Amino acid sequence: MVLILLHTVRVQTSLAMARLQEPQNHQCPTVNAYLLILENDSNPEVRRAVLSCIAPSSLTLPKILKRTRDVKESVRKLAYQVLSDKVHIRALSIAQRVSLLQQGLHDAAESVREVVQVRLLPAWLNLLQGDVLELLHKLDVENCSQTALDTLTALFTHTPQDQLLHHRLQLDDRYTHTHTALDTLTALFTHTPQDQLLHHRLQLDDRMLVPAGSLSCESVLYWRALCEFVKTKGDEGEEMLEKLLPEAATFAEYLYGYVKGLPVLSANQRNIATRYVKCVPVLSEEQKGDFAQLELVMTKEFISQQLIHLTGCLDTNEEGGRKRVVAVLQEMLVLPQTPPSLVSLLTEKLLTLIPDDHRRIQTVAEVISEVREPIVIRQPLDENENRRKQVKLAEVKVGILEAKQALEECISNQEFNRAAELKDSITDLENLRNNILQEENTQQDDKETETRMEKTDPETLLRCLTMCVELLKQMNIKTRIGPTMSAILSSLILPSISNAQPAVRNMAVVCLGTCALHSKDLVNTHLVLLLQIAQLDEAKIRISALRSVIDLLLLYGFTLLSERPSVAPQTSHSPANQEDQEKGEEPEEGSSTAQSILMMLSDFLDSEVSELRTETAEGLAKLMYSGRISSAKLLSRLVLLWYNPVTEDDTRLRHCLGVFFQLYARESRAHQECVEECFLPTLQTLLNAPATSPLAEVDVTNVAELLVELTRPSSLIKPGDTQEVCVHDYLAVRVCGEMLKDPSAPEVRLYAKVLNSLELSADGNTTRDLVTLLQQVTQEVKDRIALRAVEKLIGQLQDSNNQPDLSTTTLQPVDVNTEEAANQDLDQSAKRPRRGQRKPSTAKGAKKSSRSAESSEESDGENVPDSVPVPRPSRRAKTAALDKTRLDLSALINQEANTS
């Protein structure tokens, strides 16, 4: 009750101080007090009170924006209301506007999303006099297109239909940003009557096209969004679409003409673009001119992208129009003027119009052939060139005659050294004369000659490989690698693996890995190559190779390795090999390859390259969740990696592993057994970590709580057979054995606390055996606090064993109210966390004390974010084939060094 009064007093005090604040004074004590409350007060009502009365200023605005990410829904909702009512859109930077919309439109709470849609967006639009394009101009449309699309969808969904036409969609020449506009326009059209859609000022000429001179980023984006929206109407939108787009053949010619006119950037201009991206502050006058040219090219490329997207809205049911669109897309892929950024999109739209995989392969192969080996037309020499060659031939003949006369004179005068030199000169002149005569004989003066010249420059190879990637993306996984794809593989993909340009090598690795998904033979042939690339090349290329290896293992499983010769030398010291030798058996075929792959992945988990480390962890999580790997050792490595302070800034890694642990443990009892098996090795690694190791900063108690929660039988999605001994019973036996191994160890208190948090079964035989084991522990353990906790657990087990009506219940943790002192001693005696210690958001097994329970009404736990459980629907039963491919690889990685 006292705590409730205290937070109520703080609320009233915050409201009463509103008139005392001086927004322009950065030293104002009231404003500073408000900022302190927003940052540190644990009660959401107090934070809401401050938000409702704080005056926005340059000092307070960042704190108000931060409250849009508050842990409480009511605080986030009020923060958006304050921004819509008190903060002008011009007071926010582009990054702040985009961030607000990205978070608000995708907030987990419906009430927060509604505030953004109903109050914030209309307020911004009113400040801009209803000009939607001006609103888009205020956003980073080019880099945040999806946010703009969501913004417009939300904006016009809540706009009355009779007011939609008042939005001044001026299609002028402004252009800055891209993606965010599409979502906005789509939402605008959602509540606009079909007969009014054309009333927006989309200036179409008699051919139903926007004149090329009037094309701008805004107009083409509006055109595309309108057509895509109408197309979603189905049959109702067909009539409207005829008024927005011309026939397919007409639009294809229009698109071809625009793309053909795109300027081509020189190598110097591209270098300047790269330097600008890296934020080089100083540019010369020449470089500034080049950058202006670059901006123009980027604008035209964006317009071209939107026009290419429009081809998806064309009526291609008519055979003639469809063929013309396909032909134009092929011609644009061959054009040298086509920018590299358009190649992927052009290939995607081209393949969409071709439903058959074999025709797709043939079409792309033809385009690649045209790009790599273009036809070069050699023009006949003109009259001036012929006259020049005749003069040169005459000069050579005269030189031969003069040299022969000099040679005769030297022989007469017995100047033999000079004669030898003249003889060599005559030979050279005669060879030159013969070459000139041969060129004249082979030259066709009246005809043009056509020859193919192979291009091997990096730009050409990258363009061809990009088309291959798009082709492989759209191919059915069951489509085999035929002769055409084999030819592309041998002539283009494999030679590009050794190219000097990293971008070309990376794209070639992606192509090779994707091709291997269609053929086991390619896996057998090139798996070693992919493994070598994953270890030796640049970071980006290594990641691409690693992804390919993970995909192959997910698709085929480790049993594929037994179908190919072993690629790794068998180590005589391997425990798996020693075990086979003791049994008189040969090592399993392919086990050496599996071992080398797992050792490589294990090494990658310690890589200094964060992207490679994250990709490896994600790949191992996929392999374990899909049942391709069952290894407590690797699971322990992932747990340690998740808690390691080194990965604190790796958001993707933390999120991926946090979700994986919950889904993996809840999926099946077998997965919980794997977690139970890694329990003690994980804790021992942390307890034995040296002081210089980052793992020394990890809270061991928190790790133990997480693993206990993951193995809790009640958390299974599909509970197993009730007659089986539960995982926690096995875990209790393991913990007791560890306590008996060294009763005087300091971690005995931690193990005693773990025992009291287990969800033990009520089976009579199991309980009696466990009680017997616990009694042995009490005889060996001398620590008073741990001994008291074990004795209390024995009493609970004996009580439950004497009550048969409780056989269906599970043991509850020790009552923290009756043994508060003992639990406090246990907490204090556990391994003390060091600096930088953080508790993970998904570890929810920590028991709250009575003191924290009393204050739960006041504190929302903002400083220690609690996890949101991620439910997963029941998965379909694994097929028999997948069960056969499941392989327990724990024995293969026993050589792996323990992490410290």
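Residues numbered from 1 in each chain as written. Predicted model: local features only at pLDDT ≥ 70, side-chain atom pairs only at ≥ 80, totals over all residues. Heavy atoms only, no water.

So, the confidence of the model for the protein
Here is step 1: Across the protein, the average pLDDT comes to 76, with 73% of residues at or above 70.
Here is step 2: Ranking the elements of the protein by mean pLDDT puts helix α39 (residues 850–854) last, at 36, and helix α23 (residues 502–516) first, at 94.
Here is step 3: Counted against residues more than four places away or in other chains, residues 195–201, with its pLDDT under 50, gives 22 contacts.
Here is step 4: Segment residues 861–886: pLDDT under 50, and 36 contacts once partners within four positions in sequence are set aside and those in other chains are kept. (pLDDT = per-residue confidence, 0-100. Helix = DSSP H or I, 4+ residues; strand = E, 2+ residues; numbered from the N terminus. Contact = heavy atoms within 4.5 Å.)

Quick look at the packing of helix α18 (residues 357–372) against helix α21 (residues 458–474)
Here is step 1: In contact at an axis separation of 10 Å, α18 and α21 are set at 175° when each is read in the N-to-C sense. Judged by the angle between their axes, α18 and α21 are roughly antiparallel. Contacts between α18 and α21 involve Asp357, Arg360, Ile361, Val364, Val367, Ile368, Val371 and Arg372 on the former and, on the latter, Thr460, Leu461, Arg463, Cys464, Met467, Cys468, Leu471 and Gln474.
Here is step 2: A per-class count over the contact of α18 with α21 returns ten nonpolar, two polar and four charged. (Axes fitted to C-alpha atoms, helices over the stretch in contact; angles between N-to-C directions. Parallel < 35°, antiparallel > 145°, perpendicular 65-115°, else oblique. Nonpolar A, V, L, I, M, F, W, Y, C, P; charged D, E, K, R; others polar.)

Observations concerning a negative patch on the surface
Here is step 1: A contiguous patch of negative charge on the surface is contributed by Asp235, Glu236, Glu238, Glu239, Glu242, Glu247, Asp315 and Glu318.
Here is step 2: Relative to the helices and strands, Asp315 resides in the loop between α15 (285–310) and α16 (319–334). (Patch = residues over 30% accessible without salt bridge, like charges linked within 9 Å, V, L, I, M, F, W, Y side chains within 5 Å. Areas by Shrake-Rupley, 256 points an atom, 1.4 Å probe, with all protein chains shown as cover. Salt bridge = Lys/Arg side-chain N within 4 Å of Asp/Glu carboxyl O. Lys, Arg positive; Asp, Glu negative; His and termini not counted. Charge placed at Lys NZ, Arg CZ, Asp CG, Glu CD.)

Description of the packing of helix α30 (residues 651–667) against helix α31 (residues 669–677)
Here is step 1: At a minimum axis separation of 5 Å, α30 and α31 run at an interaxial angle of 120°. Judged by the angle between their axes, α30 and α31 are oblique. Note on element contacts: α31 touches α30 through His671, Gln672, Cys674 and Val675, opposite Tyr664, Ala665 and Glu667.
Here is step 2: The residue inventory of the contact of α30 with α31, partitioned by class, reads four nonpolar, two polar and one charged.

Concerning the pattern of salt bridges
Here is step 1: Counted under the stated rule, the structure contains 28 salt bridges.
Here is step 2: Residue Arg113 is joined to Glu110 by a salt bridge in which the shortest nitrogen-to-oxygen separation is 2.3 Å. In this pair, Arg113 and Glu110 are both assigned in helix α7 (residues 110–127), three residues apart and thus about one turn of the helix distant.
Here is step 3: Accessibility expressed as a relative area gives 48% for Glu110, which makes it partly exposed.
Here is step 4: A network of salt bridges, in which partner residues are shared, links Arg547, Glu615, Glu618, Lys622 and Arg652. (Buried < 20%, exposed > 50% of the residue type's maximum accessible area, 1.4 Å probe, protein only.)

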